[in-house]
Structures are given as C-alpha cells and as structure tokens.
Amino acid sequence: MNIRILIQLQICSKLILAESGPSFTATDLDFFKNVHLTAHPMETSSVPFVLNMKRGGSDEAMDTAVMNEKEEEEEEEEEAEVEISTKGEAEVDGSEIELILKAAGLEVVLPPPPSGADSDPDGIPTRFLRMHKGKRRAALESYKGTLEWRKENDVDNTLNKPHPNYDVCKMLIPHYIPGFDAAGNVILVQRPGLFNVELKNKNNVTDDDLVDHMVYVLECCWSIVSPPKVNEDGVLEDCVMTSIIDMTGINLGIIRQRSKIDFASKFVSLMSSHYPSRSFKTLIINAPKWFHTLFNLFKPILRESTRKKIEILSSGKAQDKALREVLGDSTPDELLSNTPTVLSDSHDVGKAGPHSNIEIELQEFCRNRLQAFNLTMNSLKI
C-alpha cells in the first residue's frame, strides 16, 4: 500500500483510538485534504453526460447514466491509486513523515548542526575549514555543495524514513559498529572483500541503494551514536571515527569486478565530499603483500596528517596487538588472527562485533520506523 494512504489510515486510527482527544490544526486539515484529493481526483469529464440525461428520458435511462457515472468514478479512483503507488518514499515530505512518526509515538530525528558553523562569520563548519587548510572560499564552496546534496536527497530526513532493506544491505556488504575505541571514538568495521555481488543482484539491490544505506549508517553515527560533544575547552565539537577496513577476500582480481569498484568509488567520493574530517584513525587489516607496495606508491602524494592516520597491517600477532591497543574492549574476536569468518547469526549478542549492543539498538530503531509505516524488514533472498 502506498505511503501516503498509509499515513492517512494510520493517523486516523491513532487519533480515533487515542484516550485523550487530540485537536486538529490547520496543518493537519490541509494534510488530510491533500491526501484525499490525491487519492480521489475530481474530474469534470462526466458532468456534460449527466446534465444531458437530466433534460429528459426515462427512469431506466437515468439509472443507466448514474451507473455509468459510478463506474467511471471507480475507474478514475483505481487509476489514481495506481498513480499514487508508483510514487517513491522521497516524495513524502517532512511534514507528512513527522505526522506519522508522532502518531506512532516516535521522535523525529534530525542531524545536529555542524560544530563551528554558528560562530563562523560565513557559517562554515570547522570540519570544512580543516579539510581546506583554512582556505575560506574553498571551504565555503564545499559546504554549499554538501548543503545542496543534502537538500536534493532529503538527507536530513534519512533516519525518519522507512528503510526495509536495512538488514539486507548489512549482509551484502558486511559492516557494523562494535562500540567505541580506547579514546572514546565510535568504530566502524567494513569488510568490502566479502561484498556478495551475486546476492546483490538476486535481491534487486542497486549500487545507489547501497550508497543510500551507507548514508543511513553514517547519519546514525553522527546523529544517534556519536553526536557532537563538548571538548576539554568547553567547545561543542563534531565527533570522529576509527575505521577498520578488513581486506579479507580482496585480491588483484577485484580490478576486473566492475560492480565492486563502482560502489567503492561512489562511497569514497561521498565520504570525502560530504563527511570531511571525520577520521580519527584508519586501520587497514589483513592486507596482502601487494597492497603494501601499492600503498607505498601513493603514500608520498597523501597529506602528512592523512598518512599519520592510516596504518597498514597483515594478519598476525602484530596486527592483533595493534587492534587491541586502538580498539580496547571493543575489539571484535572475528578480526583477530586464526579466527574463522562467520557470516551468520551465530555471533554473540551484546558482544563487540556484528551483534553489539549498538547494532541491536540501531536495528530496533529501524524496525520501529518500519512498523510506523506498517512495513516489515525485508529478508535476504539466498
């Protein structure tokens, strides 16, 4: 059933069943009127025919005219419903989303304002100035580009919209938040080498769907899991992330796997453009020998600050030690050497890993929003 109709039905039922009688505002009435008119557009094509029948004729002819008119109205309604059902989630605006979430007893989650923007004379966030080494014009242009991207894709409402492919996307490209590192930064583990392109196609998931999902995950990170906090100087500051990129399953053959390369390029470009200066440290683990050589070729062109944040590690005791030092108690067992890769629900619930407490809470957050829209989480088609 279409989301607009769902909203109408659910809000009506919620308001009727509510113990305290809620009052309708002008906004509420406009909303219901718009939904009604969309679902039942008023056409005038049948009016001349009805008027002609009223000028004369038998009762039988009049009955026939009424029946024909009714049939035409039913056909128009069916056509309208078909038209509505083809509309996507993106066409449900923020006011409609807010109404249905409130009717379900859920809060609307909006991204916190970026730190530094309120005190900057041009409204430029600190992270964008840092990205451009203080060059204000370049930083302002980048920030304007991000604002346009967020508006065009309605990113501010990402966490309020239903996301039925949440579980599916997490299985197609394994990634998760095991907890916080030893320095208190949120951790994001990504295992791109385990990207299952065959299952992606079987589940009709596109690269854009996966990119949108990763935006959902990032918005969760910075709006729910690790929002801005006051630093030692008493200044509100955007948080940063420790990234773990597990290269298990990656070999030189990936160069020929266009789908994986395309997705990686889109995601990296998006991260760089719209989520700058969010990195605290990046550990690239289980790296094959050829990757060390490749990285050393590009290392000289990287900024010194970037080079200091990246550490390339290969499976073994040294890698295990580095993971434990950086991640502390949030070190997932599955990333340690000689631990088998598990892509099932057999992970320990509540333990640092794919089923950490944070992951359980985020999945519940997503499910609650699906239920608000009378939707359910999609299951992976094997």
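The following refers to the structure shown. Bear in mind the structure is a predicted one, so any value in this text is a computation, not a measurement.

Remarks on the overall build of the protein chain
Along the backbone of the protein chain there are 15 helices and seven strands. The buried share of the protein chain, reckoned over its 382 residues, is 41%. Summed over its atoms, the accessible surface of the protein chain is roughly 21,800 Å², and 53% of this surface lies on carbon and sulfur atoms.

Side note on unusual backbone geometry
Negative phi characterises most residues that are not glycine, and trans characterises most peptide bonds. Positive phi values are uncommon outside glycine, yet Lys133 reaches one of about 55 degrees. For Lys133, the position within the fold is in the loop between helix H6 (126–131) and helix H7 (136–152). The phi dihedral of Asp154 is positive, around 50 degrees, even though this residue is not glycine. Along the chain, Asp154 turns up in the loop between H7 and helix H8 (166–172).

Focus: the sheet that holds strand E2 (residues 186–190)
Sheet architecture is open: five strands sit in the order E1-E2-E5-E6-E7, paired in mixed fashion. Sheet topology places strand E1 (175–176) and strand E7 (310–312) at the edges, where each strand pairs with a single neighbour. Note: strand E5 (residues 241–246) against strand E6 (residues 279–285), six bridges, orientation parallel. In the strand pairing of E6, Ile245 is matched with Ile284.

Topic: a nonpolar patch on the surface
Side chains of Leu294, Leu297, Phe298 and Ile301 sit close together on the surface and give an oily, nonpolar patch of about 440 Å² of accessible area. Position of Phe298 among the secondary structure elements: in helix H12 (residues 289–298). Since its relative accessible area comes to 47%, Phe298 is described here as partly exposed.

Here's the deal with the packing of helix H10 (residues 207–225) against helix H11 (residues 258–274)
The interhelical angle for the contact between H10 and H11, taken along N-to-C directions, is 35 degrees, at an axis separation of 10 Å. Considering the relative orientation of H10 and H11, their crossing is right-handed. Contacts from Asp207, Asp208, Leu210, Val211, Met214, Val215 and Leu218 in H10 reach Ser259, Asp262, Phe263, Lys266, Phe267, Leu270 and Met271 in H11. Residues belonging to the contact of H10 with H11 are distributed by class as follows: nine nonpolar, one polar and four charged.

Focus: the packing of H10 against helix H15 (residues 357–372)
Relative orientation of the contacting elements H10 and H15 amounts to 105 degrees, with a least axis distance of 12 Å. Judged by the inter-axis angle, H10 sits roughly perpendicular to H15. In this structure, H10 contributes Tyr216, Cys220, Ile224 and Val225 to the contact, and H15 contributes Ile358, Leu362, Phe365 and Cys366. Class assignment for the residues of the contact of H10 with H15 results in eight nonpolar, no polar and no charged.

Some details on the pattern of salt bridges
For the structure on display, the rule yields 15 salt bridges. The salt bridge partner of Asp154 is Lys161, with a shortest N-O separation of 3.0 Å. By relative accessible area, which is 11% here, Lys161 ends up buried. A salt bridge links Asp333 to Lys351, with the shortest nitrogen-to-oxygen separation between them at 2.6 Å. Here Lys351 lies in the loop between helix H14 (317–327) and H15 and Asp333 lies in the loop between H14 and H15, a separation of 18 residues in the sequence. For Asp333, a relative accessible area of 36% corresponds to the partly exposed category. Each of Asp120, Asp122 and Arg136 takes part in one network of salt bridges that share partners.

A word on the layout of surface pockets
Its volume calculated, the largest pocket comes out at about 1,900 Å³. Around the largest pocket, the lining is made up of 48 residues, and of these Ile245, Val268, Thr282, Ile284 and Ile310 lie nearest the centre. It is H11 that contributes the most residues to the lining of the largest pocket, nine residues altogether. Counted by class, the lining of the largest pocket contains 30 nonpolar, eleven polar and seven charged residues.

Criteria and thresholds
Each chain has its residues counted from 1, following the order in which its sequence is written. It should be noted that, the model being predicted, local features are given only for residues of pLDDT at least 70 and side-chain atom pairs only at 80 or more, the latter also being counted only at that level, while totals for whole chains, interfaces and linings use all residues. The basis for the side-chain values is all heavy atoms of the structure; hydrogens and waters are excluded. Numbering of helices and strands runs from the N terminus, with a helix taken as a DSSP run of H or I at least four residues long and a strand as a DSSP run of E at least two residues long. Residue exposure (1.4 Å probe, protein chains only): buried if accessible area is under 20% of the type maximum, exposed if over 50%, otherwise partly exposed. Shrake-Rupley sampling with a 1.4 Å probe provides the accessible areas, and residues are treated as covered by the protein chains on show and by no other component. Strand pairing requires that DSSP identify at least two bridges connecting the strands. A patch consists of residues exposed above 30% relative accessible area that lack any salt bridge, with like charges linked at up to 9 Å and nonpolar side chains (Val, Leu, Ile, Met, Phe, Trp, Tyr) linked at up to 5 Å. Any carboxyl oxygen of Asp or Glu that lies within 4 Å of a side-chain nitrogen of Lys or Arg is treated as forming a salt bridge with it. Note on definitions: angles span 0 to 180 degrees between N-to-C directions of axes, and those axes are lines fitted to C-alpha atoms, for helices only across the stretch in contact. The handedness criterion is simple: a crossing whose near helix is rotated anticlockwise from the far helix by less than a right angle is left-handed, and one whose near helix is rotated clockwise is right-handed. Residue contacts are defined here by distance: any two heavy atoms, one from each residue, within 4.5 Å place the two residues in contact. Three classes are used: nonpolar for Ala, Val, Leu, Ile, Met, Phe, Trp, Tyr, Cys and Pro, charged for Asp, Glu, Lys and Arg, and polar for all others, with Gly counted as polar. Note that the term roughly parallel is reserved for angles under 35 degrees, roughly antiparallel for angles over 145, roughly perpendicular for angles of 65 to 115, and oblique for everything else. In this analysis the probe radius is 1.4 Å and the grid spacing 1 Å, with only protein atoms considered; a cavity is a set of points the probe fits into but cannot get out of, a pocket is an open set with protein on both sides within 12 Å along at least five of seven lines, and lining residues have an atom within 4 Å of a point. Grid points are joined across faces, edges and corners, and a volume is the space filled by probe spheres set on the points.

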